[in-house]
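Overview (structure and organization)
Residue-level listing of the chains:
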Amino acid sequence: MNDSAFRRWICEACGYIYDEAKGDPDSGLAPGTLYEDIPDDWQCPLCGLTKSDLILLPDPKPMAAVERTKSTSAGNNNCRGGEDYIVIVGAGIAGWSVAETIRKQDGERPILLISSCQGLTYPKPALSTAIAKGKQAEDLVEQDAISRATTLSIDVRTETRVIKIDTEKKRLTTAKGGIQYGKLILALGANQRQLALGGDAADTVMRINDLATYKKMRTRIGQGVSHVTILGAGLIGCEFAEDLSTGGYQVSVIDPAGSPLASLVPEEVGKQLQQQLGEKRVTWHFEQTLNDINHSNGMFLATLSNGETFTTDLVISAAGLVANTRLAEKSGLVVDAGIRTNHLMQTSDYNIYAIGDCASVEGQVFAYIEPIRRQAETIAADLSGKQIPFDTKPPLIRVKTPSFPLTICPLTAPRLPSLSTRKGQGRTEYICDDRIVGFVLTEQQASEGMNLYRQISN
């Protein structure tokens, strides 16, 4: 059987793609393992959901023969776009997702993707689970930018930073020359929040948000690190705490809130997660912030806001993401929590779209893979003359903490007047007008998340 005969399936919760041609060797599924042959107890390697939560991805539409050879500039990094080009700025999950979705619907429209980095494709959710699995940064790479662009029959420019958008001339200024566009899609992502820290080692704090910074962390960990401090007990902070402790490291977590995942789960659920990770040598410092970090005899001395001190080998910031909006703001686009868009993902300039961590709809950023995939479908449809407005339904979140499985559908409007809470063993449901509008499922109940989420989605 050749690769073209195999199918691809996507996890609705996290966007993980199971490719039958590649299998899932880490879970014992050899290349060529068909969906039908996946054991029922198999779990998604990124979020832990099951085989039944995968949905079949449609095959891309065949491209015209002329278009298979049209994209000749992908290898030499010099495409200048054009008036008929769709130009995508950003090569993260959002950028590549929208490129693939547009190409599935339109085999002929020229597309150029611009990346300020190498543009490698990799599963970003795997960054917070890779240490326990012993994976280096290189092990996470699925495809390089040139190969990915060739597969999609699009142009790509890597290591090209966009400096300015001229919305009147529909032209980008880059460090390597001007680029023309017909339609522009901003997939600029977000960065870890910059914390105000004192001390002579404040600039050593690592913010892990992409493959390059993960690679730096792996290099640093390989230099005799035994104790890691994490700033933030939110989603990413807790996932890193689980991953690092499973990998054999002592972990300290600092957060101004009173319990883990304070903005996502009830306090009693957070306390349960705290206890489970505490049994894996995770030490928690709640209702505290890090004031200073200083060099101290080859280590770092951390000083908390209450004056407590301890030594550590490495400090990682997981204090939340801030949308990258500077380029858009400089170009005159309207910005709030992100680059403001309507439900068609159009910005204040109808020729420019935004997607993913940098985009906001109704003042809210939808930073998870499942809504990003739907945003890509919305943009692709609009470009083809159809309308599939983006639905601002809450995302389904599977927290990657195997010690205490959690599936969350957070409230997007926590102050609904008729909101009530219904609790049972391992589950908290939020009810409004006799309908479930959100939930928190723990341990054995967590595997029921997708079934319950479908009720909300319908």
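Residues numbered from 1 in each chain as written. Predicted model: local features only at pLDDT ≥ 70, side-chain atom pairs only at ≥ 80, totals over all residues. Heavy atoms only, no water.

A short note on the nonpolar core
In this structure, Tyr-214, Met-217, Leu-244, Leu-261 and Phe-439 are the most contacted members of the largest nonpolar core, which totals 70 residues. Excluding residues that lie within four positions of it along the chain, Met-217 makes contacts with Ile-131, Met-206, Ile-208, Phe-240, Leu-314 and Ile-316. In this structure, Ala-99, Ile-102, Leu-383 and Phe-390 belong to the second largest nonpolar core, which totals 50 residues. (Core = buried A, V, L, I, M, F, W, Y, C linked by side-chain atoms within 4.5 Å. Buried < 20%, exposed > 50% of the residue type's maximum accessible area, 1.4 Å probe, protein only. Contact = heavy atoms within 4.5 Å.)

Observations regarding the layout of surface pockets
Here the second largest pocket defines a volume of roughly 470 Å³. Contributing to the lining of the second largest pocket are 27 residues, with Gln-43, Cys-44, Cys-47, Gly-48 and Pro-402 lying nearest its centre. Elements with a minimum of two residues in the lining of the second largest pocket: helix H6 (235-246) and strand S25 (397-399). Across the lining of the second largest pocket, the residue classes tally to nine nonpolar, 10 polar and eight charged. (1 Å grid on protein atoms, 1.4 Å probe; cavity = no way out; pocket = protein on both sides within 12 Å on 5 of 7 lines; lining within 4 Å. Points joined across faces, edges and corners; volume = space filled by probe spheres on them. Helix = DSSP H or I, 4+ residues; strand = E, 2+ residues; numbered from the N terminus. Nonpolar A, V, L, I, M, F, W, Y, C, P; charged D, E, K, R; others polar.)

Quick notes on the packing of aromatic side chains
Enumeration over the complete set of coordinates arrives at four aromatic pairs. Ring geometry for Phe-366 and Phe-390: centres 5.2 Å apart, planes at 80°, overall edge-to-face. Remark: Phe-390 occurs in the loop between helix H9 (369-383) and S25 and Phe-366 occurs in the loop between strand S24 (364-365) and H9; sequence separation between them is 24 residues. Classification of Phe-390 by relative accessible area gives buried; the value is 2%. Across from the ring centre of Tyr-35, 5.0 Å away, lies the NZ or CZ of Lys-51, which sits over that ring. (Phe/Tyr/Trp six-rings, centres within 6.5 Å; stacked < 30°, edge-to-face > 60°. Lys NZ or Arg CZ within 6 Å of the ring centre and 35° of its normal.)

Topic: the pairing of strand S28 (residues 427-432)
The buried fraction of S28 is high, at five of six residues. Across five bridges, strand S27 (residues 420-424) lies against S28 in antiparallel orientation. Note on S28: the bridge partner recorded for Lys-423 is Thr-428. Counting the residues in the hairpin turn of S27 and S28 gives two residues, including Gly-426, whose phi is positive at 75°. (Pairing = 2+ DSSP bridges.)

Observations concerning empty space enclosed by the protein
The full count for this structure, using the stated rule, is two cavities of 30 Å³ or more. Lining the second largest cavity, in full, are Ile-86, Ile-102, Gln-105, Asp-106, Arg-109, Ala-380, Leu-383 and Ser-384. If you list the elements that add at least two residues to the lining of the second largest cavity, you get helix H2 (93-105) and H9. For the lining of the second largest cavity, the residue count by class is four nonpolar, two polar and two charged.

Some points on the environment of Ile-154
Within the secondary structure, Ile-154 is located in the loop between helix H4 (145-152) and strand S6 (155-157). Residue classification places Ile-154 among the buried residues on the basis of a relative accessible area of 1%. The spacing of Ile-154 and Asp-53 is 101 residues in sequence and 31 Å in space, taken between C-alpha atoms.

Observations regarding helix H7 (residues 267-278)
With 12 residues, H7 should cover 16 Å at 1.5 Å per step; its first-to-last C-alpha distance of 16 Å lies within 8% of that length. All buried positions along H7 are accounted for by Val-269, Gly-270, Leu-273, Gln-274 and Leu-277. Here the buried residues of H7 occupy an arc of 145° about the axis, which is enough to place them on one side. For H7, the elements touching its buried residues are H6, strand S15 (282-286), strand S26 (406-409) and strand S29 (435-442). (Expected span 1.5 Å × (residues − 1). Arc of directions from axis to C-beta.)

Points about the pattern of salt bridges
Inspection of every chain in the model, using the stated rule, returns 15 salt bridges. With a shortest N-O distance of 3.2 Å, Lys-400 and Glu-239 are connected by a salt bridge. Linking Lys-400 in the loop between S25 and S26 with Glu-239 in helix H6, this pair joins segments that are 161 residues apart in sequence. Note that Glu-370 is salt-bridged to Arg-374, the shortest N-O span being 2.7 Å. Linking Glu-370 with Arg-374, this pair stays in helix H9, spanning four residues, or about one helical turn. As far as the burial class goes, Glu-370 and Arg-374 line up, both buried. One network of salt bridges, with partners in common, ties together Arg-8, Glu-100, Lys-104 and Arg-148. (Salt bridge = Lys/Arg side-chain N within 4 Å of Asp/Glu carboxyl O.)

Focus on the pairing of strand S17 (residues 299-304)
Pairing between strand S16 (residues 290-296) and S17: six bridges, direction antiparallel. In the strand pairing of S17, Ser-296 is matched with Met-299. Between S16 and S17, which pair antiparallel and follow one another directly, the connecting turn spans two residues, one of which, Asn-297, has a positive phi of 55°. Where S17 and strand S18 (residues 309-312) come together, four bridges link them in antiparallel fashion. In the strand pairing of S18, Phe-300 is matched with Thr-312. Linking S17 to S18, which pair antiparallel, is a turn of four residues; within it Gly-307 sits at a positive phi near 95°.

A word on the packing of H2 against H4
Contact geometry of H2 with H4 gives a least axis separation of 10 Å together with a crossing angle of 20°. Comparing their axes, H4 and H2 come out roughly parallel. The handedness of the crossing between H2 and H4 comes out as left-handed. Seen from H2, the contacting residues are Trp-96, Ala-99, Glu-100 and Arg-103; seen from H4, they are Ala-145, Arg-148, Ala-149 and Leu-152. Residue composition of the contact of H2 with H4, by class: five nonpolar, no polar and three charged. (Axes fitted to C-alpha atoms, helices over the stretch in contact; angles between N-to-C directions. Parallel < 35°, antiparallel > 145°, perpendicular 65-115°, else oblique. Left-handed = near helix turned anticlockwise from the far one by under 90°.)

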